[in-house]
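# Structure at a glance
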Amino acid sequence: MYTLIMYALILISVLASHCTAFQFQSKMYITLDQTSPCVLRMNSTHTFGCTSPRQGNTGVLHVVNNPTDLQWVLNSSPMDSYIVVINIDMFTREYLQKMNSTSKVTGILLAQNQPRPEIKPTSPEDTCPNRYSALARRETTCEKPWNPIGTGILQERWNIPIFFTKDNDTITQLHDCFHRNAPYDESQTSRSLCALQLSSHMYGAVDSRTCLRRNAGTFNINPIKYCDEMGSENIYLPIIPLAKFKPARKSYVVVAARLDAASFFYQNNPASLSVATSLTTLVLTAKLLYDMTKGEDFSKYDQNVVFILFNGEAYDYIGSSRVVYDLQKKLYPNSEHPISMDEIDLYIELSQLYNTSTLYNHNRANANVSSFISKFQQRLINATLTPSTRSTLPPSSMQNFLLAKSDFPGVILSSYDDHFSNNYYHGLFDDDYNINYKYAGKNETAPEDSIQSFVANFATSLAATLYEQISKSTPNASATVTNQEADELLHCYVDTLSCDLVKETGINSFLPEDVISTKAKGIDYYVGVITGQTQWIVLTTKLFLIYFSGYKTNSTNFEECANQNTFWIPSKNICLKSELNITDAISPAFVIKDYNMTSGEYATWTESIWTVVKVRMFMQPSRGYEWLVFVAGVLIFCGSFAFTYSVKKNAKELFDYPNLITASNI
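Model, not experiment: these values are computed from the prediction.

What counts, and where the lines are drawn
Residues numbered from 1 in each chain as written. Predicted model: local features only at pLDDT ≥ 70, side-chain atom pairs only at ≥ 80, totals over all residues. Heavy atoms only, no water. Helix = DSSP H or I, 4+ residues; strand = E, 2+ residues; numbered from the N terminus. Expected span 1.5 Å × (residues − 1). Buried < 20%, exposed > 50% of the residue type's maximum accessible area, 1.4 Å probe, protein only. Arc of directions from axis to C-beta. Contact = heavy atoms within 4.5 Å. Polar contact = N/O pair within 3.5 Å; in protein donor to acceptor, adjacent residues only side chain to side chain. Pairing = 2+ DSSP bridges. Axes fitted to C-alpha atoms, helices over the stretch in contact; angles between N-to-C directions. Disulfide = S-S within 2.5 Å. Phe/Tyr/Trp six-rings, centres within 6.5 Å; stacked < 30°, edge-to-face > 60°. Lys NZ or Arg CZ within 6 Å of the ring centre and 35° of its normal.

### Here we look at unusual backbone geometry
- In the segment running from Tyr-332 into Pro-333, the intervening peptide bond is cis, with an omega of -5°.
- Residue position: Pro-333 is located in the loop between helix H7 (318-328) and strand S14 (344-351).
- In this model, Asp-316 sits at a positive phi of 60°, which is unusual for a non-glycine residue.
- Here Asp-316 shows up in the loop between strand S13 (304-310) and H7.

### What to know about helix H8 (residues 367-379)
- Between the first and last C-alpha of H8 there are 19 Å, a value that for 13 residues agrees with the 18 Å anticipated at 1.5 Å per step.
- Turning to H8, its buried residues are Val-369, Phe-372, Ile-373 and Phe-376. Along the long axis of H8, the arc covered by the buried residues comes to 100°, so they all point the same way. Relative to its buried face, H8 has exposed residues pointing more than 90 degrees away, namely Ala-367 and Gln-378.
- For H8, the elements touching its buried residues are S14, strand S15 (358-363), strand S16 (384-387), strand S17 (410-414) and helix H10 (451-471).
- Among the residues of H8, the N-terminal cap falls to Asn-366, whose side-chain oxygen and the backbone nitrogen of Asn-368 are separated by 2.7 Å.

### Topic: the environment of Leu-545
- Note on placement: Leu-545 falls in helix H14 (residues 536-549).
- A C-alpha to C-alpha distance of 7.4 Å links Leu-545 and Leu-580, two positions 35 residues apart in sequence.
- If sequence neighbours within four positions are ignored, Leu-545 has contacts with Ile-235, Leu-237, Val-283, Ala-286, Leu-309, Gly-550, Ser-578 and Leu-580.

### What about the sheet that holds strand S3 (residues 40-42)?
- Pairing within the open sheet is antiparallel, and its four strands lie in the order S4-S3-S22-S10. Each of the sheet's edge strands pairs with one partner strand only, and the pair in question is strand S4 (47-49) and strand S10 (227-229). Sheet twist, expressed as the average angle between the axes of neighbouring strands with direction ignored, equals 30°.
- Across the face of the sheet, helix H5 (residues 208-215) comes into contact with S3, S10 and strand S22 (606-608) while running at roughly 110° to S10.

### Points about H7
- Across the 11 residues that make up H7, a large majority, 10, are buried.
- If you check which residues of H7 are buried, you get Ile-318, Gly-319, Ser-320, Ser-321, Arg-322, Val-323, Val-324, Tyr-325, Asp-326 and Leu-327.
- Against strand S11 (231-238), S13, S14, helix H9 (398-404) and strand S21 (581-586) lie the buried residues of H7.
- Positive phi shows up at Lys-330, right after H7, with a value of about 60°.

### Brief notes about the state of the cysteines
- Evaluated as defined, the whole model comprises five disulfides.
- At a sulfur-sulfur separation of 2.0 Å, the disulfide partner of Cys-561 is Cys-575. One disulfide, between Cys-561 and Cys-575, carries an S-S torsion of 80° and so falls in the right-handed class. Linking Cys-561 in the loop between strand S18 (551-552) and strand S19 (566-569) with Cys-575 in strand S20 (residues 574-577), this pair joins segments that are 14 residues apart in sequence. Neither Cys-561 nor Cys-575 differs from the other in exposure class; each is buried.

### Quick word on the sheet that holds strand S2 (residues 36-37)
- One open sheet accounts for eight strands, arranged S1-S23-S9-S5-S6-S7-S8-S2; its pairing is mixed. Across the chains shown, the open sheet's two edge strands, defined by having one partner strand only, are strand S1 (30-31) and S2.
- Judged from the two bridges that link them, S1 and strand S23 (residues 610-620) form a sheet pairing that is antiparallel. By the bridge assignment, Ile-30 is partnered in S23 with Met-617.
- Across the sheet, helix H2 (residues 67-76) lies against strand S5 (57-64), strand S6 (82-86) and strand S7 (105-111), angled at about 145° from S5, the strand it touches most.
- Along the sheet, helix H3 (residues 93-100) contacts S6, S7 and strand S8 (162-165); its crossing angle with S7, the most-contacted strand, is approximately 150°.

### Quick notes on the packing of aromatic side chains
- On inspection of all chains with the given rule, the structure shows 32 aromatic pairs.
- Their ring planes at 35° and their centres at 6.5 Å tell us that Trp-146 and Phe-420 sit as a pair that is tilted. In this pair, Trp-146 sits in the loop between S7 and S8 while Phe-420 sits in the loop between S17 and H10, placing the two residues 274 residues apart along the sequence.
- Assessed through its relative accessible area of 1%, Trp-146 is described here as buried.
- Phe-420 gets classed as buried once you look at its relative accessible area, which sits at 4%.
- Note on Tyr-547 and Phe-548: the rings are 5.7 Å apart at their centroids and 55° apart in plane angle, and the pair reads as tilted. Across the pair, exposure class does not vary: Tyr-547 and Phe-548 are buried alike.
- Chaining the aromatic ring pairs together yields one cluster made of Phe-48, Tyr-266, Tyr-315, Tyr-526, Trp-605 and Trp-610.
- The ring centre of Trp-146 lies 3.8 Å from the NZ or CZ of Arg-390, which sits over that ring.
- Note that Arg-616 overlies the ring of Tyr-29, its terminal NZ or CZ placed 3.6 Å from the centroid.

Here you go:
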């Protein structure tokens, strides 16, 4: 009985102490949830990005508004360590390197508090993206920068954690706490100051080869996983079902674009011009071409159109390199109906499309390519097509095809000539403002000079040209992509997945609340890792294409409509089936047995595993108070030791117990 009571008292005391500790911690710290970390990524030779020690980095909060403020922190400040809050203008390679090279700065928090129009052009990407991949490894394609404003900070290893926030409440909390508690003089040491703790410990280290070896280490008794291979899924959609396409000599036209973009901060890569405009154009082109060919007799066709969306292109062309690898192995898109590299008679890639009156084509001379360019040029609406002034190809998926086959018949259609016209390539601000996009809505029509009109005209022209290419007949002039269609799809890809099209198709039932919330801004274009997560851009695009290209089946409920290529439309109670399917966007480096990771032939990107990512704000006591607590602790410890010894030594007299063993009679 007494034992049970004792255990109950112990349990109650433990729970009470835990609750007290939790309450004390919640009063001591303010957790800033609306922040995004820079994470650690690796390839076969290097490590890139940021990490913190396991316990995080702590420092006095200091808001840096200009170079003078930073100089004070680096040269005149009295405290040992600072975590600085910087604005967008200070987020440059020069200033980051200064902060990264001193022990004074133990962390950086980038706060977007400027009005969007005032943000200067900047790109964290290399001046020549993917310069060591595909064709660029063998040809000099970077004698002149394609991305001249690139800072290359994505290709650097930073020694301190770096976070980003654009949440107004978070920024207000930081500034209020700082301005109330931060004198610019020596008195900082004699008072309490606002401080931050940045925690983003990454387990990965050295390079992908080392990290993956540690994952599978035979002698690793600790089951911690250190990193994951980066990759996802490619999407393909043939106009004619591959099983039904059986001409004497198969011929394919491939229309391609990319699905992904890189970003310095996790889940913050809007990619409106880098990805969204080209992706939207491809999806609408596929929709219109399906409408044009619906119900036709495909047996008369000797050419097929296959739409392909590559994933992982920002990281050494993961998706397209895998497609080329599978094509060479006669495994693409599957072993039952493989496509040969020699059967691709025309390859068209859409890249960074923007509403401009002049479009550019980048290609290697070929009769099929020249014929397509001539036809497309004639059908273009409110725009002209002209050859690029550069002979070398821009960073593109097409480079992988040319690497495998030097006379590969391909063309890249873009809105840039000899360098990118995107002022925020792979940056935080490649957003709706960057492409001058304003959602018109269902009851309005976007202006003729808008990006919506440009995308609609481009998709209409491309679909008509493709139809003429494969059917050898003139398309119906009334078959067009409308501005409203382009407006709504851009709204989903650029603004939010809480859009009418997502709700109309029932895609919202497949997506989590935080992705389709009205508070969610934009969609994440980061490729992610092979296992353990769903890339919503892939799922959403798959379902959009099924919705636009599918045909009705006999299934009458959701349970019957449960195959991979079917899609239940709850608003219409119908089941659609499509020829759309997926293939692995996993680098061949991770499927080839005993692949030499240092060869540089294929992408070897991995992403570090992490456990806790958080930013906490608290009040750091003055040095005098810290010394007082330390001295008091030492005195209490010594006093308690002396008191305990004295009590034990004089226990007989104190407790009047003659047989008691004491310190004096041991």
